[in-house]
There are 2 protein chains.
Amino acid sequence: MPPPLMQKDEVITKLIATFRRWGYDGATLSRLSEATGLVKASLYHYFPKGKQDMARAVLDTVHLQFQEQVIQPMQQAEASRESLEAFAQNLIDFYMEGNASCLLEVFTLGSAREIFAESVKGSLEKLKDCLADFLEKSGYDPETAAVKARRGVIAVQGALVTHRGLGEDAFFGEAMKDLPDLLMPRDP
Amino acid sequence: MPPPLMQKDEVITKLIATFRRWGYDGATLSRLSEATGLVKASLYHYFPKGKQDMARAVLDTVHLQFQEQVIQPMQQAEASRESLEAFAQNLIDFYMEGNASCLLEVFTLGSAREIFAESVKGSLEKLKDCLADFLEKSGYDPETAAVKARRGVIAVQGALVTHRGLGEDAFFGEAMKDLPDLLMPRDP
DNA sequence: GTCTATAGTATGATAGAC
DNA sequence: GTCTATCATACTATAGAC
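Here's the deal with helix H2 (residues 29–36) of chain B
One full turn of an α-helix is made of 3.6 residues, so residues set three or four places apart face in the same direction.
Residues and elements named next belong to chain B.
And step 1. Residues of H2 that are buried include every one of Leu32, Ser33 and Thr36, and no others. One side of H2 holds all its buried residues, which, seen down the axis, span an arc of 100°.
And step 2. Where the residues of H2 are buried, they touch helix H1 (8–26), helix H3 (40–46) and helix H4 (51–76).
And step 3. Looking one or two places after H2, you find Gly37, whose phi comes out positive at around 80°.

Notes on the packing of aromatic side chains
And step 1. The tally for this structure, following the rule as stated, stands at 20 aromatic pairs over all chains.
And step 2. On the basis of an interplanar angle of 25° and a centroid distance of 5.1 Å, the ring pair of B:Phe107 and B:Phe116 is categorised as stacked. For the residue pair B:Phe107 and B:Phe116, the accessibility class agrees, reading buried in each case.
And step 3. Taken together through their ring pairs, the aromatic side chains of A:Phe19, A:Tyr24, A:Phe107 and A:Phe116 make up a single cluster.
And step 4. The ring of A:Tyr24 is capped by A:Lys51, whose NZ or CZ atom sits 4.8 Å from the centre of that ring.
And step 5. Directly above the ring of B:Trp22 sits B:Arg31, whose terminal nitrogen or CZ lies 3.6 Å from the centroid.

Digging into the nonpolar core
And step 1. Ranked by internal contacts, the top residues of the largest apolar core, which has 130 residues, are A:Phe19, A:Phe107, A:Met176, B:Phe19, B:Phe107 and B:Met176.
And step 2. Residues within four places of A:Met176 in sequence aside, it is in contact with A:Ala88, A:Leu91, A:Ile92, A:Ala155, A:Val156 and A:Ala159.

With respect to helix H1 (residues 8–26) of chain A
Residue and element names in this part refer to chain A.
And step 1. Here H1 is 19 residues long, yet its end C-alpha atoms lie only 22 Å apart, well below the 27 Å a rise of 1.5 Å per residue gives.
And step 2. Of all the bends in H1, the greatest measures close to 75° and is centred on Arg20.
And step 3. Those residues of H1 that fall on the buried side of the exposure criterion are Val11, Ile12, Leu15, Ile16, Thr18, Phe19, Arg20, Trp22, Gly23, Tyr24 and Gly26.

Focus on the interface of chain B and chain A
And step 1. Residue-level contacts link 43 residues of chain B with 43 residues of chain A.
And step 2. The contact between chain B and chain A buries some 3,500 Å² in all, and 58% of this surface belongs to carbon and sulfur atoms.
And step 3. Summed over the three residues of chain B that lose the most area to chain A, namely B:Arg21, B:Leu109 and B:Arg150, the buried surface amounts to 17% of that side.
And step 4. Here chain B and chain A share 8 salt bridges between them.
And step 5. Here A:Asp178 ties to B:Arg151 by a salt bridge, and the two come within 2.7 Å at their closest N and O atoms.
And step 6. If you look at where chain B meets chain A, you find 14 residue pairs in polar contact (both at pLDDT 80 or more).
And step 7. Of all the secondary-structure elements, those providing two or more residues to the side of chain B that touches chain A are H1, helix H6 (103–106), helix H7 (112–137), helix H8 (142–166), helix H9 (171–177) and helix H10 (179–183) of chain B.
And step 8. With 14 residues, H8(B) is the single largest residue contributor to the side of chain B that touches chain A.
And step 9. Partitioned by chemical class, the residues of the side of chain B that touches chain A number 16 nonpolar, 10 polar and 17 charged.

Thoughts on the pattern of salt bridges
Residue and element names in this part refer to chain A.
And step 1. Following the criterion strictly, the structure yields 14 salt bridges over all chains and no others.
And step 2. Ionic pairing is found between Glu105 and Arg164, a salt bridge with its closest N-O pair at 2.8 Å. Of this pair, Glu105 sits in helix H6 (residues 103–106) while Arg164 is found in helix H8 (residues 142–166), placing the two residues 59 residues apart along the sequence.
And step 3. We classify Arg164 as buried; its relative accessible area is 10%.
And step 4. Residues Lys121 and Glu125 are paired through a salt bridge, measuring 3.2 Å at the closest nitrogen-oxygen approach. Taken together, the positions of Lys121 and Glu125, both in helix H7 (residues 112–137) and 4 residues apart, correspond to about one turn of that helix.
And step 5. Given the relative accessible area of 25%, Glu125 is considered partly exposed.

The rules behind the values
- Residues numbered from 1 in each chain as written.
- Chains lettered and ligands numbered in written order.
- Predicted model: local features only at pLDDT ≥ 70, side-chain atom pairs only at ≥ 80, totals over all residues.
- Heavy atoms only, no water.
- Buried < 20%, exposed > 50% of the residue type's maximum accessible area, 1.4 Å probe, protein only.
- Helix = DSSP H or I, 4+ residues; strand = E, 2+ residues; numbered from the N terminus.
- Arc of directions from axis to C-beta.
- Contact = heavy atoms within 4.5 Å.
- Phe/Tyr/Trp six-rings, centres within 6.5 Å; stacked < 30°, edge-to-face > 60°.
- Lys NZ or Arg CZ within 6 Å of the ring centre and 35° of its normal.
- Core = buried A, V, L, I, M, F, W, Y, C linked by side-chain atoms within 4.5 Å.
- Expected span 1.5 Å × (residues − 1).
- Bend = angle between axes of the 7 residues up to and from the residue.
- Buried area = accessible area lost by both parts, 1.4 Å probe.
- Salt bridge = Lys/Arg side-chain N within 4 Å of Asp/Glu carboxyl O.
- Polar contact = N/O pair within 3.5 Å; in protein donor to acceptor, adjacent residues only side chain to side chain.
- Nonpolar A, V, L, I, M, F, W, Y, C, P; charged D, E, K, R; others polar.

The analysis is restricted to geometry; functional conclusions fall outside its scope.
What follows is the structure, given as C-alpha cells:
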C-alpha cells in the first residue's frame, strides 16, 4: 500500500481552516477534499463516519489547543493587569488577528447545531469560569466577577463576528487590547 | 390563475426565520419551501434569481426593521441612562430574547460571505455610528465615545452568539440589561 | 493508504400545464 | 400564482483495485 501522504494531524489542521471559513453546511466534502489534497474516499479512511467525524475531530483539536494556549496560561497567571494583557495577546494569536472564526460560533448554526451543542456549551463555560476565577483572584467579589466574566466571553465572540463583518484588518486586535480596560478598568 | 396564497411580505417573514436558523448554506430550497409552504417553483415566481434573491430580500427587510425598531429610536433619544435601557429593551425585542440570530453574523459565513459583505459592513457601521453619536451627545469625548461604541456593537453580536452557544434562556436578556452599565457606568 | 468509479440522494433551477 | 415534473449538477458515502 502507498505511504501516507501526511499525518492525521496535518489533515485535521487543513480541515480546521475549511470549517472555520465555510461553516459546517458550507464545508462540503468537495471543499474538504480540495483543502486536504485527499480525495473523498481517502478522507473516509481517516474519518469513517464522514463529515461528522471530521467536524468532531476538528472541534476536539481546537478545544485542546485553546486549553493549552489560552485557558491554562490564564489559570496559572498571577492576578495583575499584565496577565490580562497576555490573555488578550494569546487570543489575538489563537484567532489569527481575528481572521479565524471561532468554531463554537460556527457550529451553532445549521445542521451542526444539535450535533455539537453540548461540546460548544462546555467550551464556552470553561472560558467563562476561567475568567471568573481570575477576576475573583484579582479581588472582585463573586457576583462582580461573574458579570465581568460574562462580558469577557461576549467580547471575544462579538469581536470575532464584528471583525469578520467590518473587514477592518486591525479591528479584532484593537478590541482585544481593550479587554484589560473592559474587565479591570484603571480608577479614573 | 389561482389567488396568491400569501403576500410577499408574509413569504419573506418565513424566509427570515429559516435563514436565521440555518445560515445561508444550510437554508436549502427544500427547507425554504417547507417553511413558506410554497413549492420551489412558486418561490422562483417571487424570487426569479432564486436563493440569492431571497437572501437579499431577507437582509433588506431585516435591515429596515432594525432601522425602525432600534436605530431611529436611539437617534431621537435624549442623552440619558434611560435611553440606553430602552435601547437594550429594543434589542431584546428585536432578537426575540436572543433566540433569533443576527443575519449580519450569519451571512459572513460560507457562500454568502462575498455576496453580502458590503451590506453587512454598512449595517454594522450604522449601528456603531448611532451608538457613538449617542455617547458623544451624552458628554463623552469623540475618542472615548468611539471605543465605547465599539464595545457596544461587540456586546450585541457577542451576546447573541454566546446565548446560542450556552443555551441559557435568560442569557441574552441579562447581557443586554448590562449594556447601560457597560457603556455609561455609574460612578462608584 | 490512496485511488477510480459509482451508488443513491439532495441540490438549485426551469419548463409548461392549469 | 401555483402546481407537477424534470434537468443537470453536487452532495454524502461506499466498493473494490492496487
